[in-house]
Amino acid sequence: MSKGWPCCDEPLPEEVRRGLEQFNAGEYFEQHETLEHAWRAETRPVREIYQGILQIGVACYQIQRGNYAGALKMLRRGLTHLSRAPDRCQGIDVARLREDARRLLERLEVLGIEGLPRIDARWFPRVIFE
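Just so it is clear, the model here is predicted, and its values are computed rather than measured.

J.: So what's going on with the state of the cysteines? Residues and values would help.
T.: Evaluation of the coordinates by the stated rule reveals one disulfide. With its sulfur 2.0 Å from that of its partner, C8 forms a disulfide with C89. Classification of the bridge connecting C8 and C89 rests on its S-S torsion, roughly -90°, and on that basis the disulfide is left-handed. Note that C8 is positioned in the segment before α1 (14-24) and C89 in strand β1 (residues 88-89), a separation of 81 residues in sequence. Taking relative accessible area as the criterion, C8 reaches 7% and is therefore assigned buried. Classification of C89 as buried rests on a relative accessible area of 1%. There is no disulfide at C7, and the cysteine sulfur nearest it, in C8, is 5.0 Å away. For C7, a relative accessible area of 4% gives the class buried.

About the thresholds
- Every chain is numbered independently, its residues counted from 1 as its sequence is written.
- In keeping with the predicted nature of the model, local features appear solely for residues at pLDDT of at least 70, side-chain atom pairs appear and are counted solely at 80 or more, and the whole-chain, interface and lining totals rest on all residues.
- Side-chain numbers come from the whole structure's heavy atoms, not from hydrogens or water.
- When two cysteine sulfur atoms are found within 2.5 Å, that pair is recorded as a disulfide.
- For helices the rule is a DSSP run of H or I covering at least 4 residues; for strands it is a run of E covering at least 2, with both sets numbered from the N terminus onward.
- When a residue's accessible area, from a 1.4 Å probe over protein chains only, is under 20% of the maximum for its type it is buried; when over 50% it is exposed; and in between it is partly exposed.

Function-wise, these values are silent; they only describe arrangement.
Here it is as structure tokens:
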């Protein structure tokens, strides 16, 4: 059992799996819609993970749209949600996602608003899951 989150031992719900696949395909607008539905329907702590992932996806979308402030805000919010979660839950490698999202946040902060066009989409996190 994971850090008081027994739901982490359950399989990944199909809707969440679809949202993670959309996230990894760079379909950030779509993943937001899918994961928001899953997040709103979930009442247990695992909802923190769903919300954190969708916010990191929104941050990537904001980077693509050139919205520096929005990207920073959503990355920070997403990381806050993920910081409450176990390192692994429902087959999702939460620890890896936190690490990758932190690295993207650091790059954004170092480059600043002027460096936003230099952010490479290959730096965007991917969600590793079973």
